[in-house]
Amino acid sequence: MTITVIDQSNTKSNLCEMPAGPCAVVIFGAAGDLTKRKLLPSLYNLRLNKLLPESFAVIGVSRTDKNTDSFRDELTTSMEEYATRPFDSDQWDWFKDRIYYLKGNFEDPQSYIELKKLLSSVDQKFGTQGNYLFYLATGEDYFKPIIEQISKVQLHQCSEDQWRHFIIEKPFGRDLESARKLNKHLLAILKENQIYRIDHYLGKETVQNILVFRFGNSIFEPAWTNHYIDHVQITVAETVGVESRGGFYETAGALRDMVPNHMFQLLSLIAMEPPTTFDADVVRTKRAELINAIRPLSYDDVQTSVVRGQYDKGEIDGQEVQAYRSENRIAKDSTVETFVALKLMIDNWRWVDVPFYLRTGKRLPKRTTEIAIQFKSPPACLFRNTTVSHLMPNYLIMHMQPHEGISLQIGAKLPGPLLQIGSVQMDFDYQDYFGPSPSTGYETLIYDCMVGDQTLFQRDDNVEAGWKVVEPIQEVWNSTRPLDFPNYAAGTWGPHSAKSLIEKDGRHWQI
Ligand code: BG6
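Note that the structure is predicted; figures quoted are calculated from it, not measured. (Residues numbered from 1 in each chain as written. Predicted model: local features only at pLDDT ≥ 70, side-chain atom pairs only at ≥ 80, totals over all residues. Heavy atoms only, no water.)

Draft legend 1. Layout of the nonpolar core. Ranked by size, the top nonpolar core spans 142 residues in total, and within it Phe28 and Phe134 carry the most contacts. Per element, the largest residue contribution to this core is 12 residues, and it comes from helix α8 (residues 246-271). Residue contacts for Phe134: discarding those within four places in its chain leaves Val26, Phe28, Leu115, Leu119, Ile150, Leu155, Arg164, His165, Phe166 and Ile167. (Core = buried A, V, L, I, M, F, W, Y, C linked by side-chain atoms within 4.5 Å. Buried < 20%, exposed > 50% of the residue type's maximum accessible area, 1.4 Å probe, protein only. Helix = DSSP H or I, 4+ residues; strand = E, 2+ residues; numbered from the N terminus. Contact = heavy atoms within 4.5 Å.)

Draft legend 2. The sheet that holds strand β8 (residues 306-309), seen in detail. In space, the eight strands of this open sheet follow the order β8-β12-β13-β7-β14-β15-β16-β17, with mixed pairing throughout. Each edge of the sheet is formed by a strand with only one pairing partner; in this case those strands are β8 and β17 (421-429). Neighbouring strand axes in the sheet, compared pairwise and without regard to direction, differ in orientation by 15° on average. Sheet analysis places strand β12 (residues 339-344) next to strand β13 (residues 356-361), joined by six bridges and oriented antiparallel. Residue pairing in the sheet places Ala341 in a bridge with Arg359 of β13. Here helix α7 (residues 205-215) sits on the sheet in contact with β14 (368-375), β15 (395-401) and β16 (405-413), set at roughly 145° to β15. Lying on the sheet, α8 is in contact with β7 (229-237), β12, β13, β14 and β15; it crosses β13 at an angle near 140°. (Pairing = 2+ DSSP bridges. Axes fitted to C-alpha atoms, helices over the stretch in contact; angles between N-to-C directions.)

Draft legend 3. Region of interest: empty space enclosed by the protein. By the definition in use, this model includes four cavities of 30 Å³ or more. Taken as a whole, the largest cavity holds about 80 Å³ of empty space. Contributing to the lining of the largest cavity are Lys170, Pro171, Phe172, Gly173, Arg256, Pro260, Asn261, Gln458, Val463 and Trp467. Within the residue set of the lining of the largest cavity, elements represented by two or more residues are α8 and α13 (460-479). With three residues, α8 is the single largest residue contributor to the lining of the largest cavity. Here the lining of the largest cavity is built from residues that sort into five nonpolar, three polar and two charged. Approximately 60 Å³ is the volume attributed to the second largest cavity. Every residue lining the second largest cavity is listed: Pro260, Phe264, Gln265, Ser268, Arg287, Ile291, Gln458, Asn462 and Gly466. Looking at which element gives the most residues to the lining of the second largest cavity, the answer is α8, with four residues. Classifying every residue of the lining of the second largest cavity by side-chain character gives three nonpolar, five polar and one charged. (1 Å grid on protein atoms, 1.4 Å probe; cavity = no way out; pocket = protein on both sides within 12 Å on 5 of 7 lines; lining within 4 Å. Points joined across faces, edges and corners; volume = space filled by probe spheres on them. Nonpolar A, V, L, I, M, F, W, Y, C, P; charged D, E, K, R; others polar.)

Draft legend 4. Quick peek at the packing of aromatic side chains. One pass over the full model with this rule turns up 29 aromatic pairs. Arranged with centres 6.0 Å apart and planes meeting at 50°, the rings of Phe56 and Phe95 form a pair that is tilted. Here Phe56, found in strand β2 (residues 56-62), pairs with Phe95, found in helix α3 (residues 89-96); they are 39 residues apart in sequence, far enough to count as distant. Overall, the relative accessible area of 1% leaves Phe56 in the buried class. For Phe95, a relative accessible area of 1% gives the class buried. Considering the side-chain rings of Phe213 and Phe220, the 4.2 Å spacing of their centres and the 25° angle between planes classify their relative orientation as stacked. Since its relative accessible area comes to 6%, Phe213 is described here as buried. Within the aromatic cluster, the residues linked to one another by ring pairs are Phe28, Phe106, Tyr112, Tyr132, Phe134, Tyr142 and Phe166. Directly above the ring of Tyr100 sits Arg72, whose terminal nitrogen or CZ lies 5.2 Å from the centroid. One residue, Arg359, lies across the ring of Trp509, its end atom 4.1 Å from the ring centre. (Phe/Tyr/Trp six-rings, centres within 6.5 Å; stacked < 30°, edge-to-face > 60°. Lys NZ or Arg CZ within 6 Å of the ring centre and 35° of its normal.)

Draft legend 5. Molecular detail of the layout of surface pockets. In this structure, the second largest pocket encloses a volume near 280 Å³. Together, 15 residues line the second largest pocket, and Arg308, Thr335, Glu337, Trp477 and Asn478 are the ones closest to its centre. For the lining of the second largest pocket, the secondary-structure elements that each account for two or more residues are α8 and α13. Here the element with the most residues in the lining of the second largest pocket is α8; it accounts for five residues. In terms of residue class, the lining of the second largest pocket is made up of five nonpolar, five polar and five charged.

Draft legend 6. Representation of the site of the ligand within the structure. Around the ligand sit Lys170, His200, Tyr201, Lys204, Glu238, Arg245, Asp257, His262, Lys362, Arg367 and Gln401, and those are all the residues in its vicinity. Between the ligand and Asp257, the relevant distance is 2.6 Å, taken from an oxygen atom to a side-chain nitrogen or oxygen of the residue. One of the side-chain nitrogen or oxygen atoms of His262 is found 2.6 Å away from an oxygen atom of the ligand. For the ligand, whose accessible area on its own is 400 Å², the fraction buried by protein is 81%. Residues that form the shell around the ligand fall into these classes: one nonpolar, three polar and seven charged. (Near = heavy atom within 4 Å. Polar contact = N/O pair within 3.5 Å; in protein donor to acceptor, adjacent residues only side chain to side chain. Areas by Shrake-Rupley, 256 points an atom, 1.4 Å probe, with all protein chains shown as cover.)

Written out as structure tokens, the structure is:
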């Protein structure tokens, strides 16, 4: 995450361009969806933003039968569908000429010998100088064999003037034990500063803005404590079901899929202590400290503070949708959860007695990701002898998607002779202010990996801290079958118990 302070009188037009240094990107699993939907459109956007180096190349590696020409043709067609910015054929021609394909088996040593040869000819042709970004867009099972094979041909070794970085995609394990094992495998060959564990939530502009909002302004941070904040709600709601990913989802569920990763990224950014600098490791240490400060959940806590749900058939946007158990590749008696809500407490000085309510689910009424911070009511209601009997709390709401912005709800006098107070909203909308900036969400992350900035990536301890918090939930759920599944209709806000989870504390969900 590159932070540049720009002239505030000219905020909208003053965007800076600092292209990354020479490098080649090698994508393992290049025939998969991620390459055409996200990775190529992101690299292309980086080119349009003048952030790619001139000395650049991409090599796709996959088992699928194709060659460089057919790969280039396929990507040209898929770009028409997935490019987020208008297609510029001159720019694309520049880009296309730098794309190569290598058919190879991830476990076959011969493939890596060929890869090494291809990289060295690309270095010569395009001046990529032996700097390589390896993107493992493959299933988790391939991380270990790919990295082992790369190390056998010595492609993993950095030197003073050559870097070798590895991006891996979640899931990073399926529980604490497997996450530790994965970290051990990675670190047996690579150094932590070569590993970029990507969480695409940290690529979202508005998620990054949490840090700037908190630490780049002086008016909010003094109120960012249990003295002024009553509680925090984090909602990641999706309208989609499991789509074509039934097989994967049956082994994951909402808890594993969303909580220790995406939701804890949001939680750690909103609640972490101020870092002393914006160095990657300083920020990542603060994030890990915060997750480590979450009060461990006992067996009873899991019963009272965590809710799981699975969707039944229902209606979303006027369309009938089927139950989870009727979706493709889902067991008819599946006990996998598609919804989770939980209340967490953070045992540190700042957050004593401030609950954090988190919820996420599929087939909810609307797609939205937002963080709502409810401030405490004023200490006294001074409007004696008026119609004002109680004061509404202030809310600060950070909208991550699809709407991107920040709203502040405040009390205001309603017009007229009587003293009456209503709730009004001050809104900052990213798009209104800065104009649309169509991106895939991967641009910043890929660029950061090229320039060696790990701030927005998960370190090994960040990953393990997240799994540690959810471990007791996994243990209790594994041993108790949910007898009420399916327990919410598609198109509703989850099971009734999710409402009670917050209402029993005298609070309510903001949406
Ligand atoms: C992925 C999960 O990591 O994030 C998906 O595996 C989920 O199940 C997705 O749908 C949500 O991402 P976004 O960016 O659409 O909120």
